[in-house]
Amino acid sequence: MELANQLIFMGGALLLVSILAGVLSSRIGAPLLLVFLGLGMFFGEDGPIGISFDNFNQAYLIGSLALAIILFDGGLRTPYRSIKLAWAPASLLATVGVLITAGLTGLFAWAVLDFGLLPSLLVGAIVGSTDAAAVFLLLHQRGMDLKRRVGTTLEVESGVNDPMAIFLTIALAELVTTGVTDITWDIAQSFLLQLGVGAAFGLLGGYALTWLVNKLELAPGLYPVFVIAGAMVVFGGAQQLGGSGFLAVYLAGIIAGNKRLRANQLIRRFHDGIAWVCQIGMFLMLGFLVTPTSLLPDLLPAGLVALGLMFVARPLAVAICLAPFNFSREERLFIAWVGLRGAVPIFLAIIPLLQGVVGGMQYFNVAFIVVLSSLILQGWTVPWLARRLNIELPPTPEDKGKLDFELPSGFDREMVGYRIAQTSPMVNKSIDALRVPDRVRILALLRENVVVPRQLIKTLKPNDYLLTVAPPEQILLLDRQLLPRRRSGAKREDVTLGDFSFPGTTPLGALSDAYDLPVTKQEREMPLADFLRKRLGKTVSVGDRLPLGAIELVVRDLNDEGITEVGIWLEPAQPQLLPERLITLFHRATAFFRRGLPWVSTTHHETSADETQAKVDEAQLGKQENAVVPVKESKK
Amino acid sequence: MDIADMLSPEGVLPALRVTSKKQALQEMARRAADVTGQPERAIFEVLVERERLGTTGVGYGIAIPHGKLSELDRLHCLFARLETPVEFDSIDEQPVDLICVLLAPEKAGADHLKALARVSRLLRDKAICDKLRGTDSRDGLYAILTESAASHAA
């Protein structure tokens with residue numbers, strides 16, 4: 001009895017401390033998962049409280065469950081639109097990419113650890129996949145809005161690459177324990193089984209779950225529970241039949257999330273909470289599981305493996321897998337860097353332990369150190385890098401002050417209420433200035449406890465409450481006009497989409513006259529939207545940029561019909577990774593050499609002073625070789 | 001091209017009183033005519049034509065109307081701080097209270113774009129806009145615009 005009470009108290013206290021620590025961590029910009037992991041280690045065996053937990057079977061159980069739920073939740077939030085945009089690069093990364101990463105990392109491990117080749121490859125496989133929990137959380141933390149295709153590619157990759165890593169790990173662990181080398185056929189078979197059964201179970205499970213939820217009459221609070229139980233069945237079922245439960249549960253989540261579900265919002269909110277509990281629980285537990293002092297002997301070699309993974313293996317894998325797609329160089333760089341490792345490797349490292357591989361504990365320690373390095377080094381720098389590489393998008397309006405009711409199933413309308421804040425764009429304006437999209441109806445306005453019917457609404461005042469009925473796809477347009485703008489503490493020049501903005505219908509010729517663009521006669525009549533689509537290809541997304549003459553066009557907004565808003569950057573920002581001084585130095589040096597070697601330089605400006613010459617060189621360098629050069633116009 | 005090379009203290013309107021976008025452009029065109037010696041009508045039309053293409057209200061209460069005039073001798077910049085904000089069809093639908101007009105000769109080419117980029121970058125700085133909004137003297141505004149521009153050049 002005493003023990004039960006203690007456990008309950010400890011469990012609750014740990015959750016509370018974790019949440020509070022999470023609040024603090026966002027102040028210093030530390031990745032949340034690192035905080036949870038750190039807390040787990042702090043409270044663990046070596047810490048002052050000394051909670052001892054080393055039951056790997058239990059850890060495996062809790063880890064699987066948590067990961068399944070996190071993946072399901074991730075699937076629920078992934079709209080088909082995003083999948084359409086990112087499935088090809090993501091699936092290549094999730095298969096070939098994992099193979100390359102695991103292989104190269106294995107070779108690194110072989111070089112620095114005193115493991116044989118096979119066990120080293122096993123290490124590579126263990127840390128081969130990116131972690132859905134870490135990627136989902138990191139990309140959504142602090143309201144970072146990434147360019148759609150980049151963010152989605154990373155998310156989908158992390159959602160579907162676990163089967164590959166799991167399969168590689170199990171196969172290699174078997175090879176290491178049995179020593180048999182002649183089971184290639186079995187391996188191929190088990191891989192296909194993992195994928196096939198996993199996918200089939202996920203798809204079927206997703207549809208069945210949706211159908212059941214919409215058919216059954218339950219107490220409203222039971223729907224989310226029903227869905228989560230369904231997700232567990234999908235996961236466990238697929239696993240038992242030899243398929244990948246992780247793949248299955250992610251696919252099921254995607255399908256359920258994109259179908260019209262009864263009690264949709266209830267389900268989402270519940271899952272949001274549960275997914276948090278799983279993130280916290282899993283990382284705390286992994287922190288408990290490790291004995292920090294026993295990591296020390298492996299720290300250096302494992303650290304080297306981590307560096308090899310982050311700086312060589314992952315970037316190479318990304319470079320190869322993304323070669324067929326038109327990602328920009330900055331986007332590739334970003335994707336390569338956000339190869340976050342998280343719970344999956346630690347959790348996969350339990351497999352050799354459970355399978356009784358000799359020296360199993362060392363796999364675990366190495367995996368742990370690799371994950372820790374990745375969370376610290378990559379996790380901490382992702383928001384910074386996103387900004388530097390221009391991957392970040394301007395913030396969308398905050399959801400504060402919006403209330404969204406779903407009408408009983410069968411209607412494709414939602415009832416949306418907006419509290420007009422002091423910072424809403426529409427505040428103190430006439431209601432007639434509100435752009436009301438098709439099929440949207442304004443019902444009434446609540447003002448100081450009085451209901452004002454539509455006909456009598458004149459202006460929108462702060463603290464008014466506007467009730468509307470709108471189809472889901474039009475809600476965004478209302479959001480933009482009615483929700484308060486996000487107060488950005490950061491300088492706003494960090495993320496905007498262009499100096500000026502034009503409608504997608506603007507003929508290119510008109511723009512060319514205003515800004516001296518190199519445009520052919522035929523192209524002059526072409527609307528901006530068509531021109532961009534032609535040049536950028538089919539998969540255009542917000543934030544995509546196209547250099548044109550001295551300026552750059554950028555997609556600001558688009559809908560199903562095409563690009564609706566285009567921005568222009570008058571002075572395209574070059575991604576800037578190195579400190580500015582270093583770059584200037586570098587350019588002084590190259591400019592010097594170019595002047596020194598007359599056959600290299602092709603243009604001469606006789607009268608220009610050194611500085612201007614360097615400037616011209618810089619600009620040309622930037623254009624011709626597309627080098628990492630901030631186009632600077634300096635000096636007084 | 002520094003802001004100081006394009007903007008003269010006469011081109012700063014510390015408390016312009018207008019009630020509409022059109023009136024704001026008219027007033028600024030009139031002042032621009034004094035500063036540049038070009039016909040007011042032509043300036044106004046150039047600015048309006050550019051607005052027709054897409055608003056120059058870049059959000060956060062700022063607008064940067066601009067255009068090219070064939071007879072102009074060099075780049076000219078004018079700045080106005082409005083007494084009360086006016087609707088400007090801005091991209092964020094917020095009214096505008098800081099307006100910076102940029103006029104360029106027809107053949108200014110790259111210089112025009114650079115100057116425009118400079119102005120745009122300057123006014124994207126929230127701290128500078130706050131300072132501009134809190135100043136109501138011509139000299140004060142001129143000093144903020146030219147000094148801040150210098151520190152922004154790096």
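Look up a bit, the structure's there.
On a predicted model such as this, the values are computed, not experimentally measured, just so you know.

Each value, and the rule that gives it
Sequence order as written defines the numbering, with residues in each chain counted from 1. Chains and ligands are labelled by the order in which they are written, letters from A for the one and numbers from 1 for the other. Local features in this predicted model are restricted to residues of pLDDT 70 or higher, and side-chain atom pairs are both shown and tallied only at a pLDDT of 80 or more, whereas totals for entire chains, interfaces and linings draw on every residue. With hydrogens and water stripped out, all remaining heavy atoms of the structure feed into the side-chain values. Under the DSSP-based scheme used, a helix requires at least four consecutive residues in state H or I and a strand at least two consecutive residues in state E, with every element numbered from the N terminus. Throughout this description, buried means an accessible area under 20% of the type-specific maximum (1.4 Å probe, protein chains only), exposed means over 50%, and partly exposed covers the range between. Pairs of residues are marked as contacts when any of their non-hydrogen atoms sit within 4.5 Å. Methods summary: accessible areas were calculated by the Shrake-Rupley approach with a probe of 1.4 Å, and residue burial reflects only the protein chains presented. Comment: axis = line fitted to C-alpha atoms, over the contacting stretch for helices; angle = value between 0 and 180 degrees taken between N-to-C directions. In these notes the angle categories are as follows: under 35 degrees is roughly parallel, over 145 is roughly antiparallel, 65 to 115 is roughly perpendicular, and the rest is oblique. Here a crossing is called left-handed whenever its near helix is offset anticlockwise from the far helix by less than a right angle, and right-handed whenever the offset is clockwise. Each residue gets one label: Ala, Val, Leu, Ile, Met, Phe, Trp, Tyr, Cys and Pro are nonpolar, Asp, Glu, Lys and Arg are charged, and the others, such as Gly, are polar. Pairs were defined over the aromatic rings of Phe, Tyr and Trp, the Trp ring being its six-membered one, requiring ring centres within 6.5 Å. Orientation was assigned from the angle between planes: stacked under 30 degrees, edge-to-face over 60, tilted for the rest. In this scheme, strands are said to pair when DSSP sees at least two bridges between them. A pair is scored as a salt bridge if a Lys or Arg side-chain nitrogen falls within 4 Å of a carboxyl oxygen belonging to Asp or Glu.

Quick question: what am I supposed to make of the overall build of chain A here?
The helix and strand tally for chain A stands at 24 helices and 9 strands. Residues counted as buried form 51% of the 636 residues belonging to chain A. Considering only residue pairs separated by 6 or more positions, chain A has 73% of its internal contacts joining residues 24 or more positions apart. Just so you have it, chain A exposes about 29400 Å², and 64% of that area is on carbon and sulfur atoms.

How should I be thinking about the overall build of chain B in this particular structure?
Looking only at helices and strands, chain B features 6 helices and 6 strands. The helix and strand sequence of chain B, counted from the amino end, reads α-β-α-α-β-β-β-β-β-α-α-α. Counting the 154 residues in chain B, one finds 59% classified as buried. Looking at chain B alone, contacts between residues at least 24 apart form 67% of all its contacts between residues at least 6 apart. Carbon and sulfur atoms provide 47% of the accessible area of chain B, an area that totals close to 6300 Å².

Help me understand the packing of helix α4 (residues 80-112) of chain A against helix α5 (residues 117-126) of chain A, please; the structure alone is not making it clear to me.
Geometrically, a packed helix pair is captured by the angle between its two axes and the distance between the axes. All names here are of chain A. Across the interface, α4 lies against α5 with an axial gap of 7 Å and an inter-helix angle of 130°. With respect to their mutual orientation, α4 and α5 come out oblique. Helix-helix and strand crossings are classified by hand; for α4 and α5 the assignment is right-handed. Counted together, Ala102, Gly103, Thr105, Gly106, Leu107, Ala109 and Trp110 of α4 and Leu117, Ser120, Leu121, Val123, Gly124 and Ala125 of α5 form the full contact between these two elements. Here the contact of α4 with α5 is built from residues that sort into 8 nonpolar, 5 polar and no charged.

I would appreciate a short explanation of the packing of aromatic side chains in the present structure.
Both the distance between ring centres and the angle between the ring planes are used here to describe each pair of aromatic rings. Residue and element names in this part refer to chain A. On inspection of all chains with the given rule, the structure shows 7 aromatic pairs over all chains. Relative to phenylalanine 364, the ring of phenylalanine 56 has its centre 5.4 Å away and its plane inclined at 85°; by these criteria the two rings are edge-to-face. Pair noted here: phenylalanine 56 is in helix α3 (residues 56-76) and phenylalanine 364 is in helix α18 (residues 360-388), with a separation of 308 residues, a long-range link. Residue phenylalanine 56 is classed as buried on the basis of its relative accessible area of 14%. When its relative accessible area of 0% is taken as the criterion, phenylalanine 364 is described as buried. A ring pair is formed by phenylalanine 235 and phenylalanine 246, whose centres lie 5.1 Å apart and whose planes are at 70°; its orientation type is edge-to-face. One end of the pair, phenylalanine 235, is in helix α10 (residues 222-240); the other, phenylalanine 246, is in helix α11 (residues 245-258), with 11 residues separating them in the sequence.

Would you explain the sheet that holds strand β6 (residues 500-503) of chain A in this entry?
Two strands in a sheet stick together by hydrogen bonds in their backbones, pointing the same way (parallel) or opposite ways (antiparallel). All names here are of chain A. Spatially, the 4 strands line up as an open sheet ordered β6-β9-β8-β7, and their pairing is antiparallel. Across the chains shown, the open sheet's two edge strands, defined by having one partner strand only, are β6 and β7 (545-548). In this sheet, adjacent strand axes meet at a mean angle of 30° when their direction is disregarded. Across 4 bridges, β7 lies against strand β8 (residues 551-559) in antiparallel orientation. Among the inter-strand pairings, arginine 545 is bridged to a residue of β8, identified as valine 554. Sheet strands touched by helix α22 (residues 528-536): β6, β7, β8 and β9 (562-569). Its angle to β7, the strand with the most contacts, is close to 100°.

What should I look at first to understand the environment of glycine 196 of chain A in this one?
All names here are of chain A. Summarising the element assignment, glycine 196 is placed in helix α9 (residues 184-215). In this structure glycine 196 comes out as partly exposed when scored by relative accessible area, which is 38%. Between the alpha carbons of glycine 196 and glycine 242 there is a distance of 9.5 Å; along the sequence they are 46 residues apart.

Before we go on, may I ask you to explain the pattern of salt bridges in this structure?
Side-chain pairs of opposite charge can arise where the charged atoms are in close proximity. Residues and elements named next belong to chain A. Taken as a whole and assessed by the stated rule, the structure comprises 20 salt bridges over all chains. Between glutamate 523 and arginine 535 there is a salt bridge, with its nearest N and O atoms 3.3 Å apart. With glutamate 523 in helix α21 (residues 521-524) and arginine 535 in helix α22, this residue pair connects regions lying 12 residues apart in the sequence. Overlapping salt bridges bring together Arg329, Glu330, Arg545 and Glu552 as one network.

Shape is all these values report; function is a separate question.
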